[in-house]
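Per-entry structural report
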Amino acid sequence: MDLRIFTEPQQGASYDTLLTVAKATEDLGFDAFFRSDHYLKMGDVDGLPGPTDAWITLAGLARETKRIRLGTLMTAGTFRLPGVLAIQVAQVDQMSGGRVELGLGAGWFEEEHKAYGIPFPKEKFGRLEEQLAIVTGLWETKLGDTFDFHGTYYDLTGSPALPKPAQARIPVLIGGHGASRTPKLTARYADEFNMPFASVEDSERQFGRVRAAVEAAGRGADELTYSNALVVCVGKDDQEVARRAAAIGREVAELKENGLAGTPAEVVEKIGRYAEIGSRRFYLQILDLSDLDHLELISAQVQPQLS
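Per chain, the residues get numbers from 1 upward, laid out in the order the sequence is written. With the structure being a predicted model, the display of local features is reserved for residues of pLDDT at least 70 and the display and counting of side-chain atom pairs for 80 or more, all residues being used for whole-chain, interface and lining totals. Working from all heavy atoms in the structure, the side-chain values ignore hydrogens and water.

This part covers the overall build of the chain. Starting at the N terminus, helices and strands are each numbered in turn, a helix being any DSSP run of H or I of at least four residues and a strand any DSSP run of E of at least two. Within the chain, the secondary structure is distributed over 11 helices and 12 strands. Burial statistics for the chain: of 307 residues in total, 55% are counted as buried. For the chain, the exposed surface amounts to about 13500 Å²; the carbon and sulfur share of it is 50%. Lys and Arg are tallied as positive, Asp and Glu as negative. Neither His nor the chain termini are counted. A charged residue contributes its charge at one atom only: NZ of Lys, CZ of Arg, CG of Asp or CD of Glu. Between the centroid of the 33 positive side chains of the chain and the centroid of its 44 negative side chains there is a distance of 4 Å. For every residue, the accessible area obtained with a 1.4 Å probe (protein chains only) is divided by the maximum for its type, and the residue is called buried under 20%, exposed over 50%, and partly exposed between those limits. Here the open area of atoms and residues is found with the Shrake-Rupley method and a 1.4 Å probe, where only the protein chains shown may cover a residue.

Take a look at the structure:
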């Protein structure tokens with residue numbers, strides 16, 4: 001059972017803060033450090049000191065860490081041209097010695113596009129499908145060969161398909177609640193399917209759709225890793241849980257309903273419910289990045305019970 005730390009830097013975090021959390025992630029035995037890919041805060045926070053770019057951040061962390069995996073949940077397909085994204089991710093993979101994973105989604109937050117002058121196309125899912133074909137196609141092209149792609153949205157001719165990643169294959173993550181197109185896209189391109197912020201029941205239904213799509217595509221359903229992303233709020237007792245919930249502006253009852261919240265025993269029990277329906281990896285959304293004691297508690301009292 002993998003536990004990964006997942007951050008939302010657009011809510012207010014400098015690179016130095018992210019580096020501190022990433023180093024704690026590594027020192028405390030977690031599997032990976034992931035971050036969102038957003039340029040605008042959400043909700044009632046000031047967002048200071050302002051956004052950080054996901055792949056610039058991960059490039060820095062690639063040189064400052066040694067063991068943990070590094071990646072995005074999810075890079076927005078609207079932010080970068082697919083050829084450029086393939087170069088960026090491959091370079092960061094080289095910089096990390098082969099520890100990078102790419103979560104790629106269609107992009108959804110229209111306001112951040114308006115705020116920074118990024119086009120927000122109406123047809124995003126078709127673009128995402130072409131982006132996945134291009135990014136993976138560029139990486140898979142043999143040295144000395146060239147890559148061509150002629151689609152509705154993107155056109156590549158005679159690309160040298162360089163640089164190559166350090167890994168033979170960079171794991172690709174796809175996620176979401178879509179009942180039809182998302183499972184089919186996952187079956188074609190993904191190594192992992194992630195269900196974000198969903199109940200056990202909704203996760204089970206979506207995992208079932210994905211497994212069926214993967215098998216229909218001629219792959220074994222168990223070739224994929226199935227994972228969940230959930231907000232986490234753990235305390236050694238009820239008072240500490242309440243304090244941590246208040247620090248992120250959430251109610252304890254709501255967090256227990258929609259996330260992983262409570263004492264270590266309560267959180268382990270709920271993780272077990274997700275594990276019963278096939279989830280093997282958890283992205284723990286950490287919203288208070290100053291509270292490193294929170295990570296230490298999860299490492300000491302939750303993680304050992306899942307090994």
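So much for the structure itself; the text now carries on.
By the secondary structure assignment, Lys124 is in the loop between helix 4 (110-116) and helix 5 (125-140). Think of a salt bridge as a Lys or Arg side-chain nitrogen and an Asp or Glu carboxyl oxygen that are within 4 Å of each other. Salt bridges are absent for the buried Lys124, whose nearest opposite-charge side chain, Glu110, sits at 7.2 Å. Setting aside residues up to four positions removed in sequence, Lys124 forms contacts with Thr78, Ala106 and Gly107. For this analysis, residues touch if any pair of their heavy atoms sits within 4.5 Å.

A few words on the nonpolar core. Leu3, Trp55, Trp139, Ile298 and Val302 are the most contacted members of the largest nonpolar core, which has 76 residues in total. Ranked by the residues each element gives to this core, the list is headed by helix 5, at eight residues. Other than its neighbours up to four places away in sequence, Val302 contacts Leu3, Val234, Pro264, Val267, Val268, Ile271 and Leu297. Throughout, nonpolar core names a set of buried Ala, Val, Leu, Ile, Met, Phe, Trp, Tyr and Cys residues whose side chains join them through atoms within 4.5 Å. Grouped together as the second largest cluster of nonpolar side chains are seven residues, Phe6, Ala32, Phe34 and Leu173 included.

Moving on, we come to unusual backbone geometry. In this model, Leu73 is joined to Met74 through a cis peptide bond whose omega is -25 degrees. Mapping Met74 onto the fold places it in the loop between strand 3 (69-72) and strand 4 (75-76). The phi torsion at Ala161 lies on the positive side, around 55 degrees, for a residue other than glycine. Note that Ala161 resides in the loop between strand 7 (155-159) and strand 8 (172-175). Of note in the backbone geometry, Phe197 takes a positive phi value of approximately 50 degrees without being a glycine. Within the fold, Phe197 resides in the loop between strand 9 (192-196) and helix 7 (200-216). For Phe197, a relative accessible area of 40% puts it in the partly exposed group.

To estimate the expected span of a helix, count its residues, drop one, and scale the result by 1.5 Å. Compared with an ideal rise of 1.5 Å per residue, which puts 16 residues at 22 Å, helix 5 spans 22 Å between its outermost C-alpha atoms and is within 8% of the ideal. Of all the 16 residues making up helix 5, 13 are buried; the element is thus mostly covered by neighbouring parts of the structure.

With that settled, consider the packing of helix 2 (residues 54-64) against helix 3 (residues 82-96). Fitting a line to C-alpha atoms yields each axis, with helices limited to the stretch in contact; the angle taken between N-to-C directions then spans 0 to 180 degrees. One can describe the packing of helix 2 onto helix 3 by two numbers: an axis separation of 8 Å at closest approach and a directional angle of 15 degrees. The angle between helix 2 and helix 3 falls in the class roughly parallel. As helix 2 packs across helix 3, the resulting crossing turns out to be left-handed. Contact residues: helix 2 offers Trp55, Leu58, Ala59, Ala62 and Arg63, while helix 3 offers Leu85, Val89, Val92, Met95 and Ser96. Along the lines of polarity and charge, the residues of the contact of helix 2 with helix 3 split into eight nonpolar, one polar and one charged. Roughly parallel here means an angle under 35 degrees, roughly antiparallel means over 145, roughly perpendicular means 65 to 115, and every remaining angle is called oblique. Crossings are classed by handedness, with left-handed meaning an anticlockwise turn of the near helix from the far one by less than a right angle and right-handed meaning a clockwise turn. For this classification, the nonpolar set comprises Ala, Val, Leu, Ile, Met, Phe, Trp, Tyr, Cys and Pro, the charged set comprises Asp, Glu, Lys and Arg, and every other residue, Gly included, is treated as polar.

Attention shifts here to helix 7. Between its first and last C-alpha atoms helix 7 spans 24 Å; for 17 residues at 1.5 Å apiece the expected length is 24 Å, and the two agree. Residues of helix 7 that are buried: Val200, Ser203, Gln206, Phe207, Val210, Ala213 and Val214. All buried residues of helix 7 fall inside an arc of 145 degrees around its axis, so they share one side. Facing away from the buried side of helix 7, by more than 90 degrees, are the exposed residues Glu215 and Ala216. Note that the arc is defined by the directions from the helix axis to the C-beta atoms.

When charged atoms on two side chains of opposite charge get close, those side chains can pair. Summed over all chains, the structure comprises 22 salt bridges. In this structure, Asp202 and Arg205 form a salt bridge, with 2.2 Å as the shortest nitrogen-oxygen distance. On the criterion of helical spacing, the pair formed by Asp202 and Arg205 is a turn pair, its members being three residues apart in helix 7. With relative accessibility at 33%, the residue Asp202 sits in the partly exposed group. Lys236 is paired through a salt bridge with Glu240; the nearest N and O atoms lie 2.8 Å apart. The exposed category is assigned to Lys236, whose relative accessible area is 55%.

Next up on the list: the pairing of strand 3. Of the two faces of strand 3, the one carrying Arg69 and Gly71 and the one carrying Leu70 and Thr72 are both buried. As paired strands, strand 2 (residues 32-35) and strand 3 are joined by four bridges and run parallel to one another. Bridging across to strand 3, Arg35 finds its partner in Thr72. If the strands point away from the viewer and the path from the first strand over the helix to the second runs clockwise, then the crossover is right-handed. Handedness of the strand 2-helix 2-strand 3 crossover: right-handed. If DSSP finds at least two bridges between two strands, the strands pair. Pairing geometry for strand 3 and strand 5 (residues 100-105), over two bridges, is parallel.

Side-chain positions along a regular strand alternate between the two faces of the sheet. Looking at chain direction, strand 5 and strand 8 are connected through two bridges and run parallel. Residue pairing for strand 8: Gly103 is matched across the bridge by Leu173. The β-α-β motif built from strand 8, the intervening helix 6 (residues 181-189) and the parallel element strand 9 has right-handed crossover chirality.

Fair warning: the whole summary comes from geometry, so function is off the table for now.
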